[in-house]
Amino acid sequence: MALAAGAALAAGACGGRVVVDGFEPTDGAGGSGETASSATPGSSGVGQGGDIGEGGAPPIPPLVKQEFGLVAGEAVAVVVPPGTLGITAVAQLLTSPPSWEPIGIKSITGPDGRLLVTDYSIPGTMALFYNQGIGTAAVPQTGTAATVPLVPGTYWIAAGDGSSGPLAAPARLSVWRRQTLDGRFHGGKIDINAFIAGNAISEEYMQRALLAAYRGFVGLDVGSITVHHIGSEWASVDEERLPGVLEQTAGALGRPALNVIAVSEFHGRLAGAAGATPAAPAVAVEHGTHLSGIVVTLFEDPGVDTIILRHELGHFAGLFHTTEFDAGFADPLDDTSQCDDVLSQLEGCPDFDNIMFPTGGDLSSTMTPQQTTIVQASALYRGIVEDGGGAAAPLPAGPGTPASGAPVAPPAPSGDARAAAPGRRAWGAALPPRAAILLGGHFCGHSAAGGAGFFARLGAAGGADADQLLAVGRDEGAPVHARARALAAAGRSAAASAPPARVVAELQAIAADPRLPRPTRLGAIQGVASASPAAARALAARLIADPDEVVERTAIRAAR
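Here the structure is a predicted model, which means the values were calculated and not measured. (Residues numbered from 1 in each chain as written. Predicted model: local features only at pLDDT ≥ 70, side-chain atom pairs only at ≥ 80, totals over all residues. Heavy atoms only, no water.)

## Comments concerning the state of the cysteines
Phase 1: Enumeration over the complete set of coordinates arrives at one disulfide.
Phase 2: Each disulfide pairs two cysteine sulfurs, and for Cys 339 the partner residue is Cys 349, the sulfurs being separated by 2.0 Å. Between Cys 339 and Cys 349 the sulfur-sulfur dihedral comes to about -60°; the bridge is accordingly left-handed. One end of the pair, Cys 339, is in the loop between helix H4 (302-317) and helix H5 (342-345); the other, Cys 349, is in the loop between H5 and helix H6 (369-376), and 10 residues separate them in sequence.
Phase 3: The exposure class assigned to Cys 339 is buried, which follows from its relative accessible area of 7%. (Disulfide = S-S within 2.5 Å. Helix = DSSP H or I, 4+ residues; strand = E, 2+ residues; numbered from the N terminus. Buried < 20%, exposed > 50% of the residue type's maximum accessible area, 1.4 Å probe, protein only.)

If you want it as structure tokens, here you go:
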């Protein structure tokens, strides 16, 4: 214990203020620190989630935070002692509300002089380590650094504005270091703040889905699940509203914690997506920033929803797609396969079984050792530092107005829900195989931001026949997310290749049928809007005062 404390203080000697899991040295080595939460897991709404992490409090803090004064472009020295699993660097403009000006991690150099991050990226990936008001990068995120424990020594980290200009406001650089007594992973607990936009999903299902996805994932457990509600105006999100909905996490409970925001649909460039994570990695140690969570649509299909939640958590912790839709880009890991042409090969790709394949792959949640190491090295969870030990108590919430909501006892999961591989059911038999895989798989905002959107890729895969797509949309045996995407695509196809009147009439009828699942109706609304603006306005008038407020709002927005 004394050796570990000495190592933490040594790290602070390089210019950073040291805070260790909520407490700070009292020997004059630092300024005023945060105070640790006295809350402990228990039966008052915090799920115990399994048989790991039930021992006593950790003898050393699992997370150590250093803060540095920040000058754009100048690297600071960060000493990484033995026993470190990983570090996460966070550069942030000190404004309230969160700034929309860019800031990020310009470079990270390892102890051997090797550049791990250069010019706000990792070469060969689509990573951009700067964002609006806050930017992050981590070590490990490459195969070179994905060792346990992390190679000790001095790492040099530089931040900047995403280019070579001055920062728009005062800023700070924080480096969070995860450690254990022996440098090995011993487990931990993910605390989750679940935000539900309007009535996007029920509280009960949200809790079940989170437990099914994250209990036991990469050796971690679920700690607390706290449910919050945000306004129905956030139920539909596009790329411009994504930072705003992440700001709604301000004042959430505990740190580190994963904020999961459930919305009803994505539109704009994110249309067709089922999840969006603003950066890889994002931020688990501060709420209310433009990187403070993941945003998902859940379809009450436990197998599919598990893939959505795990894939987006992978991005949140620092993972990229094994191979990108855009040729020439892939993750920087040594033990993941790569595909020459994702869209033309899909299930023929050697990485199709991986959870971080851009469509979620075969939906089996397969991960490689290096991918697992990166998640375990992240600042995502409350850690355990020794075999049989207990997880650390949460850090106190950061400044900000507390979000509404209170911890709730999560229900027990209802068994192992495993998704069937996409494109192998009767509903997709009439479609080109690649189109069926795209309709039935996962699609995330990371792919949409990188290039063509979902529907352009679907068309390129042969999913452009309006009648085939309508048939999928009508098929009650098809997954609801596949039905929604098919109906949205049918309207686009009709507008591009044929007089759309017949297709539009059928889409309008589906959109107006209150007996159908909400995602199906929303997909039909998107299809109408793509095929005929006049028909979209007529549909919006028809759906005024619809019993489903989300359907009504979506129809009105689509008619603008």
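## Here's the deal with the side chain of Thr 520
Phase 1: Note on placement: Thr 520 falls in helix H13 (residues 518-531).
Phase 2: Note on Thr 520: relative accessible area 0%, which makes it buried.
Phase 3: Every residue in contact with Thr 520, bar those within four places of it in the chain, is listed here: Gly 473, Val 480, Arg 483, Ala 484, Leu 487 and Ile 510. (Contact = heavy atoms within 4.5 Å.)

## Description of the confidence of the model for the chain
Phase 1: Overall, the prediction assigns the chain a mean pLDDT of 85, with 84% of residues at 70 or greater.
Phase 2: Taken as a whole, residues 399-415 scores under 50 in pLDDT and shows 43 contacts with residues more than four places along the chain or in a different chain. (pLDDT = per-residue confidence, 0-100.)

## A word on empty space enclosed by the protein
Phase 1: Applying the stated rule across the entire model yields six cavities of 30 Å³ or more.
Phase 2: Computed from the structure, the largest cavity encloses a volume of approximately 190 Å³.
Phase 3: The wall of the largest cavity is formed by 17 residues, among which Glu 265, Ala 273, Phe 299, Ala 484 and Gln 526 lie closest to the centre.
Phase 4: When residues of the lining of the largest cavity are traced back to their parent elements, those giving at least two are strand E15 (265-266), helix H11 (480-497) and H13.
Phase 5: When grouped by side-chain class, the residues that make up the lining of the largest cavity number nine nonpolar, six polar and two charged.
Phase 6: By volume, the second largest cavity is sized at about 140 Å³.
Phase 7: Looking at the second largest cavity, it is lined by 20 residues, and the ones nearest its centre are Thr 88, Pro 281, Ala 282, Ser 378 and Ala 379.
Phase 8: Where the lining of the second largest cavity is concerned, the elements lending two or more residues are strand E4 (84-93), strand E8 (134-139) and H4. (1 Å grid on protein atoms, 1.4 Å probe; cavity = no way out; pocket = protein on both sides within 12 Å on 5 of 7 lines; lining within 4 Å. Points joined across faces, edges and corners; volume = space filled by probe spheres on them. Nonpolar A, V, L, I, M, F, W, Y, C, P; charged D, E, K, R; others polar.)

## Let's talk about helix H10 (residues 466-474)
Phase 1: Along H10, the residues that are buried comprise Ala 466, Leu 469, Leu 470, Val 472 and Gly 473. Buried positions in H10, seen along its axis, are confined to an arc of 160° and lie on one side of it.
Phase 2: Tucked inside the fold, the buried residues of H10 contact helix H7 (433-440), helix H9 (454-460), H11, helix H12 (501-511) and H13.
Phase 3: Where H10 begins, one side-chain oxygen reaches toward the backbone nitrogen of Asp 467, 3.0 Å away; that side chain belongs to Asp 465. (Arc of directions from axis to C-beta. Polar contact = N/O pair within 3.5 Å; in protein donor to acceptor, adjacent residues only side chain to side chain.)

## Side note on the packing of aromatic side chains
Phase 1: For the coordinates displayed, the defined rule picks out six aromatic pairs.
Phase 2: Judged by centre distance (6.0 Å) and plane angle (45°), the ring pair of Phe 325 and Phe 443 falls under tilted. Taken as a pair, Phe 325 in the loop between H4 and H5 and Phe 443 in the loop between H7 and helix H8 (445-450) lie far apart in primary sequence, 118 residues in all.
Phase 3: Residue classification places Phe 325 among the buried positions, given a relative accessible area of 8%.
Phase 4: Judged by centre distance (5.1 Å) and plane angle (85°), the ring pair of Phe 454 and Phe 455 falls under edge-to-face. Phe 455 matches Phe 454 in its accessibility class, with the two residues each being buried.
Phase 5: Its end group placed over the ring of Tyr 381, Arg 178 keeps NZ or CZ at 3.7 Å from the ring centre.
Phase 6: Stacked on the ring of Phe 454, the Lys or Arg Arg 485 has its end atom at 4.9 Å from the ring centre. (Phe/Tyr/Trp six-rings, centres within 6.5 Å; stacked < 30°, edge-to-face > 60°. Lys NZ or Arg CZ within 6 Å of the ring centre and 35° of its normal.)

## Observations concerning the pairing of strand E5 (residues 102-109)
Consecutive side chains along a regular strand alternate between the two faces of the sheet.
Phase 1: Buried residues dominate E5, accounting for six of its eight residues.
Phase 2: Note: E5 against strand E7 (residues 130-132), three bridges, orientation antiparallel. Of the residues in E7, the one forming a bridge with Pro 102 is Gln 132.
Phase 3: As paired strands, E5 and strand E9 (residues 153-160) are joined by five bridges and run antiparallel to one another. Each residue of the ladder has a partner; that of Ser 107, found in E9, is Ala 158.
Phase 4: The sheet contact formed by E5 and strand E6 (residues 115-117) spans two bridges and is antiparallel. For Thr 109, the partnering residue across the bridge sits in E6 and is Leu 115. (Pairing = 2+ DSSP bridges.)

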